[in-house]
Amino acid sequence: MKLLRAMTVTPHGPLFEWGASAAIFFLALALRFETEGLLPPGYPFLTFFPAVFLTGFFVSTRAGAGMAIACGLAAWYFFVTPEGTFRLGGRGLLAMGFYAFIVTTELFVIAAMRAALHKLEQERGDWARQAQQNTLMFHELQHRVSNNLQVIGSILRMEERKAGDAVAKKALNTAAARLGVIASLQRQLHDPRRQVTDIGALMQTALPEIVAAANLNERVRLSYDLAPLAVPAEQATPVALIVVEMVSNALEHALRESGQTTITLRLRLEDGIATIAIADDGKGLPDDFDPEQPKSLGLRLARQFAAQLEGALTFGAAEGGGTLVTLRFPPKPIEPVTP
């Protein structure tokens, strides 16, 4: 396809036009002489019609018109009765009129096709430039969003230092920490070089940041049991936010009064269904917890993200005690990136 566009749309220099036209003309003339004894009378233009088409389509319309004239003169002199002269009888005049009509129509259609291909190529270039501009604007927007999140986090940190109430200080600290993690995730998920996201690698980077932001490195141990799970960029964001929210909830509600709590992330992909399990060995779910009517805004958002993924988010007891949250969803196929 690229070769066809290059030969039909890209302008050619005079040297190419003359050289290609001469080669096609002499080839058509030689073939016509070779077939002279094999054809019955009445086929003087047999090899010249393809020559006009090939020249007009692949070289230029101007070269095609020149080829039509040259082939017409050659056929008239060598193959139209009376042969070897430019005199025309009634049948010869009819034959030449037929040839002129055919090549004129042929060249008109070829000119229209070349104009359409040229317009299509221009539109392809416009679309490519527009797509590139939109991509640059999108990444600039994501960069600004990430910076704004960091600014808001810094403001919350300042307010935390000024707050006198311990509950308020804790709430501001938690909010600032979550904003910092979301800003970090946002930068990674919207990296212009990233078309596919490895959820395991992303979480191994993000989860330690969540624990560190909450100042719980001494009380929490992170464990990973990861099978390869790659998802397209459009699914990576809701998946990452669900996992971050579930781990944040575990840090806030599941930790034991003393000792270390282990939070385990498991990834599996079987029969076209991805399974992400977040388990802890902490306090477990409260007795009045209703997964269908969560009181927390974060849990309600997580359920909405799961629905966006066409998946399900379930809550239960972990084996050996603690809480197990499981997200199941069908990953979308990853489209190859065209260069």
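Residues numbered from 1 in each chain as written. Predicted model: local features only at pLDDT ≥ 70, side-chain atom pairs only at ≥ 80, totals over all residues. Heavy atoms only, no water.

Colleague: Teacher, can you tell me more about the overall build of the protein chain here?
Modeller: A tally of helices and strands in the protein chain yields nine helices and seven strands. At 37 Å, the protein chain has a C-alpha radius of gyration far larger than the 20 Å of a compact globule built from 339 residues. Expressed as a percentage of the 339 residues in the protein chain, the buried residues total 36%. In the protein chain, of all internal contacts separated by at least 6 residues, the share reaching a separation of at least 24 is 67%. Here the protein chain has roughly 20,200 Å² of accessible surface; of this, 62% comes from carbon and sulfur atoms. (Helix = DSSP H or I, 4+ residues; strand = E, 2+ residues; numbered from the N terminus. Rg over C-alpha atoms; globule rule 2.2 N^0.38 Å. Buried < 20%, exposed > 50% of the residue type's maximum accessible area, 1.4 Å probe, protein only. Contact = heavy atoms within 4.5 Å. Areas by Shrake-Rupley, 256 points an atom, 1.4 Å probe, with all protein chains shown as cover.)

Colleague: Whenever I open this one, unusual backbone geometry confuses me. Can you help?
Modeller: Where the residue is not glycine, phi is negative for most of them; where a peptide bond is considered, it is trans in most cases. With omega at -5 degrees, the peptide bond leading from Thr-81 into Pro-82 counts as cis. Relative to the helices and strands, Pro-82 is located in the loop between helix H4 (61-78) and helix H5 (90-162). Here the phi dihedral of Asp-271 falls at roughly 55 degrees; this positive angle occurs in a residue that is not glycine. Here Asp-271 shows up in the loop between strand S4 (261-270) and strand S5 (273-280). Positive phi values are uncommon outside glycine, yet Glu-310 reaches one of about 60 degrees. You can see Glu-310 is positioned in the loop between helix H9 (297-308) and strand S6 (312-317).

Colleague: What is the right way to read the side chain of Asn-249 from this model?
Modeller: Inspection of the secondary structure puts Asn-249 in helix H8 (residues 233-253). Once residues within four sequence positions are removed from consideration, Asn-249 is found in contact with Arg-178, Ala-254 and Leu-299.

Colleague: Explain the environment of Val-80 here, please?
Modeller: Tracing the backbone shows Val-80 in the loop between H4 and H5. For the pair formed by Val-80 and Leu-255, sequence separation is 175 residues and the distance between their alpha carbons is 101 Å. In contact with Val-80, not counting residues within four places along its chain, are Pro-44, Phe-45, Ala-75, Leu-88, Gly-92 and Met-96.

Colleague: Would you explain the sheet that holds S4 in this entry?
Modeller: Sheet strands line up and pair through hydrogen bonds in the backbone, either parallel or antiparallel. Spatially, five strands are ordered S2-S4-S5-S7-S6 in an open sheet, and the strand pairing comes out mixed. Of all the strands in the sheet, the pair left with one neighbour each is strand S2 (220-226) and S6. Strand-to-strand twist in this sheet, taken as the mean axis angle between neighbours without regard to direction, amounts to 15 degrees. Pairing between S4 and S5: eight bridges, direction antiparallel. What sits directly across from Arg-266, in S5, is Ala-277. Running over the sheet, helix H7 (residues 199-213) touches S2, S4 and S5 and is turned about 175 degrees from S2. H8 rests against S2, S4, S5, S6 and strand S7 (323-329) of the sheet, and its axis sits at about 15 degrees to S5. (Pairing = 2+ DSSP bridges. Axes fitted to C-alpha atoms, helices over the stretch in contact; angles between N-to-C directions.)

Colleague: Would you mind showing me how to read H7 here?
Modeller: What sets the pattern is the α-helix's 3.6 residues per turn: residues three or four places apart point alike. With 15 residues, H7 ought to run about 21 Å at 1.5 Å a step, and its terminal C-alpha atoms sit 21 Å apart, in line with that. Within H7 the residues assigned to the buried category are Ile-199, Gly-200, Leu-202, Met-203, Ala-206, Leu-207, Ile-210, Val-211 and Ala-213. Downstream of H7 by one or two residues, Asn-215 has phi in the positive range, about 55 degrees. (Expected span 1.5 Å × (residues − 1).)

Colleague: Would you explain the nonpolar core in this entry?
Modeller: Met-203 and Ile-276 are the most contacted members of the largest nonpolar core, which has 39 residues in total. Breaking this core down by element, the ones donating at least two residues are H7, H8, S4, S5, H9, S6 and S7. Broken down by element, this core gets its largest block of residues, 10 residues, from H8. In contact with Met-203, other than residues within four places in its own chain, are Leu-185, Pro-208, Tyr-224, Ala-240, Val-243 and Leu-265. In this structure, Ala-51, Cys-71, Phe-79 and Tyr-99 belong to the second largest nonpolar core, which totals 19 residues. (Core = buried A, V, L, I, M, F, W, Y, C linked by side-chain atoms within 4.5 Å.)

Colleague: What am I meant to see in a nonpolar patch on the surface here?
Modeller: A contiguous nonpolar patch, built from Phe-33, Ile-69, Leu-73, Tyr-77, Phe-78 and Phe-86 and spanning about 560 Å² of accessible area, is present on the exposed surface. No other element matches H4, which puts four residues into the nonpolar patch. Examined against the element boundaries, Tyr-77 turns out to sit in helix H4. (Patch = residues over 30% accessible without salt bridge, like charges linked within 9 Å, V, L, I, M, F, W, Y side chains within 5 Å. Salt bridge = Lys/Arg side-chain N within 4 Å of Asp/Glu carboxyl O.)

Colleague: I'm lost on the packing of aromatic side chains in this one. Help?
Modeller: The geometry of an aromatic ring pair is captured by the separation of the ring centres together with the interplanar angle, meaning the angle of the planes. Per the counting criterion, the structure on display carries 14 aromatic pairs. Both rings, one in Phe-33 and one in Phe-79, keep their centres 5.0 Å apart while their planes meet at 55 degrees; by these two values the pair is tilted. Here Phe-79 lies in the loop between H4 and H5 and Phe-33 lies in helix H2 (residues 14-34), a separation of 46 residues in the sequence. Exposure remark for Phe-33: the relative accessible area of 41% places this residue in the partly exposed category. Look at Phe-78 and Phe-79: their rings are 6.1 Å apart centre to centre, the planes differ by 50 degrees, and that puts the pair in the tilted class. When its relative accessible area of 34% is taken as the criterion, Phe-78 is described as partly exposed. (Phe/Tyr/Trp six-rings, centres within 6.5 Å; stacked < 30°, edge-to-face > 60°.)

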